[in-house]
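One-letter residues, chain by chain:
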Amino acid sequence: MTDKHIHLNVFVPTTGHHEASWLYSGSQPERLTDVDYYREIAAIAERGKFDSLFLADQLAIGRSVKHVAQGKLEPLTLLSALAGSTSHIGLIATASTTYSEPYNLARQFASLDHISGGRAGWNIVTSWSAEAAGNFGLDQRNSHTDRYRRATEYVEVVHKLWDSWEDDARVLDRTRGIYADTARIHAIDHQGETFRVRGPLDVPRSPQGNPVLVQAGSSDEGRGFAARYAEAIFTAQQDLSEAKDFYADVKRRALAFGRDPDDIKILPGLSPILGSTDTEARALEEELDDLTLPVVGLKHLSQRFDGFDFSVFPLDERIPIEAFPRPETVQGAQSRSQVILNIVEREKPTLRQLLRRLAGGRGHKVLAGTPKAVANHIQLWVEQRAADGFNIMPAFMPGGLSAFVDEVVPILQARGLFRRDYTGRTLREHYGLTRPESRYARSA
């Protein structure tokens, strides 16, 4: 047993994380633009005492829209609506450093933190899809290295803007007619390689000081970026040993940046498929996999390897490992291409088997089993220092999340591994993170 508190985030997709989830009878694809659909999902997660929920974003319609349910609401707008129907759960939105400006993003997340009473989080991404580049007037996307260089300066600017109001800048002295002490509101006067931003922000310092920073890249550059800035990391890990290595590496890098390693929560993705028996769970997984279309899987696999055409290979034969582009040459999501290559090397699947293997979690761990088996997996990885918790990715929604909350969470609670009720109100409090002081703060 461990006395370490497990953290749980739910990754809210459209109809579910299985690529064929919209075809499953338990899904509701007609409700993807219905805010009440997401309110129901948030209520289930909050009933399960989850730390947070997370919305991804891609800035472009996917290549498989003909065969996969897509077209969802913009994350920050949606989370602002969910803030009013929830009271405790953290609200994390993806926003790109590639196709937005630091000032706009800083005020949007500061506003969400105020609206939610201190429950906002920013999942920092560097947009890698060619489709997104075309939506912002570019003929091609920037290189992997260039995107991270821009992201580093971008986050520095956003931090300065969030800090530009000291906590006590608002005086609210009606007698003297003084609303704010302007000596405690600071221009940031940032001039860097990419950005020039005067500041200050036009939003007072938010309840958490800074919204919680989340990051999901696991490449070498991604790990360095996360170790420097992230307070939670969403990562794709298939193997316990590899997950332990990743965990130790990121924590070690954080220490090198002068950070407390415990101030970074590492949450691997986990897509649980539950049944009352292992046989029942595997049958459900098989039912979902049988709904998949190879044309969809091929497009998704191609996208992970910079458009490489896998359709030239027979579906029922193994792909030679040397045929795959090397992950270090991929300008998109390098870490995910490495995860896929590891699966190919370890399991030696046919192309059809690989597509079915990736359909459920796109490289994240898919676990079909009983609630006890899933709880055992979560406990083992936390005890083995491979995770601080998990990014739960239900195969279909909302039923997959309900099953986890009703059947797995009580086991974790009975073992003393997970909270029975919220003890704080902010996302920082849920994750056990301190509230940062403004860099401009001074003694009274």
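Residues numbered from 1 in each chain as written. Predicted model: local features only at pLDDT ≥ 70, side-chain atom pairs only at ≥ 80, totals over all residues. Heavy atoms only, no water.

**So, the overall build of the chain**
Thinking step 1. Per the secondary structure count, the chain includes 15 helices and 13 strands.
Thinking step 2. What you see for the chain is a C-alpha radius of gyration of 22 Å, in line with the 22 Å of a compact globule of 444 residues.
Thinking step 3. Along the first, second and third principal axes, the C-alpha atoms of the chain reach 80 × 50 × 45 Å.
Thinking step 4. Relative to its full complement of 444 residues, the chain shows a buried share of 56%.
Thinking step 5. Sequence-distant contacts, at least 24 apart, represent 78% of the contacts inside the chain between residues at least 6 apart.
Thinking step 6. If you sum the accessible surface of the chain, you get close to 18,600 Å²; carbon and sulfur atoms cover 48% of it.
Thinking step 7. One finds the centroid of the 53 positive side-chain charges in the chain at a distance of 2 Å from the centroid of its 58 negative side-chain charges. (Helix = DSSP H or I, 4+ residues; strand = E, 2+ residues; numbered from the N terminus. Rg over C-alpha atoms; globule rule 2.2 N^0.38 Å. Buried < 20%, exposed > 50% of the residue type's maximum accessible area, 1.4 Å probe, protein only. Contact = heavy atoms within 4.5 Å. Areas by Shrake-Rupley, 256 points an atom, 1.4 Å probe, with all protein chains shown as cover. Lys, Arg positive; Asp, Glu negative; His and termini not counted. Charge placed at Lys NZ, Arg CZ, Asp CG, Glu CD.)

**A closer look at the environment of G432**
Thinking step 1. Mapping G432 onto the fold places it in the segment after helix 15 (427-431).
Thinking step 2. Sequence-wise, G432 and H5 are 427 residues apart; in three dimensions their C-alpha atoms are separated by 9.4 Å.

**Observations concerning the pairing of strand 9 (residues 212-215)**
Thinking step 1. The alternating pattern of strand 9 places V212 and V214 on one face and L213 and Q215 on the opposite face, and all of these are buried.
Thinking step 2. Note: strand 4 (residues 120-125) against strand 9, 4 bridges, orientation parallel. Its bridge partner lying in strand 9, W122 is registered against L213.
Thinking step 3. Note: strand 9 against strand 10 (residues 232-235), 2 bridges, orientation parallel. (Pairing = 2+ DSSP bridges.)

**Here's the deal with the UniProt feature "binding site: FMN" (unreviewed entry) in the chain**
Thinking step 1. The sites that UniProt annotates as "binding site: FMN" (unreviewed entry) are D57, T94, H144, Y148, S218 and S219.
Thinking step 2. The residue D57 is located in the loop between strand 2 (52-55) and helix 2 (75-83) in this model.
Thinking step 3. D57 gets classed as partly exposed once you look at its relative accessible area, which sits at 28%.
Thinking step 4. Sequence-distant contacts of D57, that is, excluding residues within four places in its chain, are made with P75 and T94.
Thinking step 5. Turning to its location among the elements, T94 is positioned in strand 3 (residues 90-96).
Thinking step 6. For T94, a relative accessible area of 4% gives the class buried.
Thinking step 7. T94 has contacts with F54, L55, A56, D57, P75, N123 and V125, leaving out every residue within four places of it along the chain.
Thinking step 8. A distance of 3.0 Å separates a polar atom in the side chain of T94 from the backbone oxygen of L55. (UniProt positions renumbered as here; feature names shortened; annotations may be inferred. Polar contact = N/O pair within 3.5 Å; in protein donor to acceptor, adjacent residues only side chain to side chain.)

**A closer look at empty space enclosed by the protein**
Rolled over the atoms, a probe sized like a water molecule indicates the empty space that remains.
Thinking step 1. Applying the stated criterion across every chain yields a total of 3 cavities of 30 Å³ or more.
Thinking step 2. Considered as a void within the structure, the largest cavity measures approximately 60 Å³ in volume.
Thinking step 3. Considering the residues around the largest cavity, the lining is formed by V12, P13, Y38, L55, A56, K72, L73, P75 and L78.
Thinking step 4. Tallied by class, residues from the lining of the largest cavity come to 8 nonpolar, no polar and 1 charged.
Thinking step 5. The calculated volume of the second largest cavity comes to roughly 40 Å³.
Thinking step 6. In this structure, the second largest cavity is lined by E19, A20, W22, L23, H67, V68, L291, T292, L293 and V296.
Thinking step 7. When the residues that make up the lining of the second largest cavity are grouped by side-chain class, the tally is 7 nonpolar, 2 polar and 1 charged.
Thinking step 8. Counting residues domain by domain, the lining of the second largest cavity receives three or more from each of domain 1 (7-275 + 370-431) and domain 2 (279-362). (1 Å grid on protein atoms, 1.4 Å probe; cavity = no way out; pocket = protein on both sides within 12 Å on 5 of 7 lines; lining within 4 Å. Points joined across faces, edges and corners; volume = space filled by probe spheres on them. Nonpolar A, V, L, I, M, F, W, Y, C, P; charged D, E, K, R; others polar. Domains from an automatic or database assignment.)

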